[in-house]
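Spelled out from the first residue to the last, the chains are:
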Amino acid sequence: MADGRRNSVRKPSRHARGASQDAPLLPFVLLSVGVLAFVLWPTIAILRESLYPDGSFSLACYEDLIVKNYGLIENSLFIGFWTTLFALAIGLCCALYVTHTDYRGKRVVLAVLMMTLISPPFMSSLSYIMLFGRRGLISWKLLGLHWNPYGPHGIILMESVGLASIAAFLIMAVLKGMDKDLETASLDLGAGKGATLTKITLPLARPGIVTAGLIVFIKSLSDFGTPIFIGGNYNVLATHAYTTAVGSYDLPKAAAISALLLLPALVAFVIYRRLMGNKSLFSVKPGGGASSKFGLPRALGTVIYLVVWSYVAFEIAKYGAIFCGAFVKTWGVDFSPTYRHMEALKIAKMGSLFRSLKYAFTAATAAGLMGVLMARYLGRSEGPLARMIDFVADLPFILPGPFFGIAYLLAFNWMPEAVLASGFLIVTNCVYRQLSIGIKSGISVMGQINPELEDAVRDQGGGPLTALRDVTIPLMAPAFAVSFINTFTFTMTTVGGIIFLITPYTKVMTAEMFEAIQSGDIGASSAMASVIVVVTMTVNLIFSRLVLGGKKREVQNVSSAKQS
């Protein structure tokens, strides 16, 4: 993944890098120390804890680890494989629907995909229980079925529909960026629509499909919420690591299980690198960006239409059930309208909501600024130190959430209680797990900035800091916005990595919701899920409009000025 994303952005040319090399090094040194301290050190700490459980070297935690947990490994791989397959199938259908058909309703499809993307990962489990549980609205109330909804089929279904949005957006981005003239040339040379799709379109979309497959597989491996809620007696490695750390508080054993969780993720990463080779993920080529004029074969188009709208209908039912669940007395028993769940939320849980917002704003701002500053150096450096820092910063992207959460618990549990109670570790964990996105976005934008602008500032008497403050950082606003929105959404909705770091003073809304689902309080869970989705989407829309909208207006003004 790290290497793939390194290839996914275009670095400035050597000439461009050579124009401005005297930027102040102190910020980069401080940021690099932070990456080593908050990414590399926790990774070492978790491995050390599993190998030195009592202060001396021992393989006791690893003895019979694979043999005893073979069933869990098999279950995790089974869930990960089928989830990846189904999520990719749904995501590819959605991407082709938006980019290669003239069907109506594309905005609805995109809105549903966006809503799925900003929802907490275990929200799907809540809706599954409400719709298909033993007292579910569809399975019991409407169809009168008496079936067992819990097990691997439920996990695969809900993880697939929940992660399909990530796959759809990644594949869509690649399809929009590819050269449409190749498809036109294929049709002009006599190839049919089916041959053009299989021999031109899908091979060009392979970087997006492979990357989406890796991300979905790792997210499925690290998801412990869905198996806990709807897995029944079906356990996976992530749930075992969670219960060992939180239930038994056996941290050396939890560290060893987490290390075991890392192995399939690394194998998937190696396969990803072999499949990707030197291919780029995102590359806008001549002819890219516009909608494709090449239509799909009629039969395939019909299948895609049915898959996409079945998915949209399922998602609308899912969110409809959650929003309705916040305003009925007892879901499955008494559907009388009530406002008591919202009242209870307003009285008891507002502190958690404001805490979530505070952490999310802090993490998003820090990740945006750090990503922009690090991109300034990493985008114009090719030395071994820069490559090492770039690789270490990418590590959290391939590390499962529970692994990184337990690693923080082991590495920083020596900190004073005042620091732990301030939420510092939660914010830091979220910042460094998403920092890579900010760096890659920043490097991508750096490639479009002429370094002679900084030289011009220095020629006028400005120092390196002045050039950085007045030229580089303002021009990097789009990269800052991408990083801010991504980190804000992640911090508002994540629970896998931070649940090990939460104290009674740092409870966030997702942790409250996680506990409410565990205790079977569907009304409170629905109210909290509704608030999280509405607040996250509102902040994203406002920030996008303020920053990206303003940037767009600037570009339009510049274009108008040039034309006049």
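This structure is a prediction, so every number in the text was calculated from the model and none was measured. (Residues numbered from 1 in each chain as written. Predicted model: local features only at pLDDT ≥ 70, side-chain atom pairs only at ≥ 80, totals over all residues. Heavy atoms only, no water.)

> Hey, could you go over the packing of aromatic side chains for me, with residue numbers and the actual values?
Scanning the model with the defined rule gives 26 aromatic pairs in all. With a centroid separation of 4.6 Å and an interplanar angle of 10°, the aromatic rings of F224 and Y242 are classed as stacked. One end of the pair, F224, is in the loop between α12 (206-222) and α13 (225-230); the other, Y242, is in helix α14 (residues 237-247), and 18 residues separate them in sequence. Here Y242 falls in the buried class, since its relative accessible area comes to 8%. Three or more aromatic residues joined by ring pairs form one cluster here, namely F38, F404, Y408, F412, F424 and Y432. (Phe/Tyr/Trp six-rings, centres within 6.5 Å; stacked < 30°, edge-to-face > 60°. Helix = DSSP H or I, 4+ residues; strand = E, 2+ residues; numbered from the N terminus. Buried < 20%, exposed > 50% of the residue type's maximum accessible area, 1.4 Å probe, protein only.)

> How would you explain the pattern of salt bridges if you had to name every residue and give the values?
A side chain with one charge may pair with a side chain of the opposite charge, provided their charged atoms come close. For the coordinates displayed, the defined rule picks out 2 salt bridges. The shortest N-O distance in the salt bridge between K318 and E315 comes to 3.1 Å. Placement of both K318 and E315 in helix α16 (residues 298-325) is noted, with a separation of 3 residues, approximately one turn of the helix. For the pair shown, K318 and E315 are each scored as buried. Of the charged contacts, one joins E515 and K507 as a salt bridge, the two residues approaching to 2.8 Å between their closest N and O atoms. K507 gets classed as partly exposed once you look at its relative accessible area, which sits at 22%. (Salt bridge = Lys/Arg side-chain N within 4 Å of Asp/Glu carboxyl O.)

> Explain the pairing of strand β2 (residues 334-337) to me, and be specific about the residues and the numbers.
Note that strand β1 (residues 328-330) and β2 share 2 bridges and pair antiparallel. Bridge pairing in β2 links T330 to D334. (Pairing = 2+ DSSP bridges.)

> How would you explain the UniProt feature "transmembrane region" (unreviewed entry) in the protein if you had to name every residue and give the values?
In the numbering adopted here, UniProt assigns the feature "transmembrane region" (unreviewed entry) to residues 25-47, 77-98, 110-133, 153-175, 254-272, 359-379, 479-502 and 522-543. Between the C-alpha atoms that bound residues 77-98 there is a distance of 31 Å. The span itself is 100% helix and 0% strand. Along residues 479-502, the helical share is 62% and the strand share 0%, with 30 Å between the first and last C-alpha atoms. (UniProt positions renumbered as here; feature names shortened; annotations may be inferred.)

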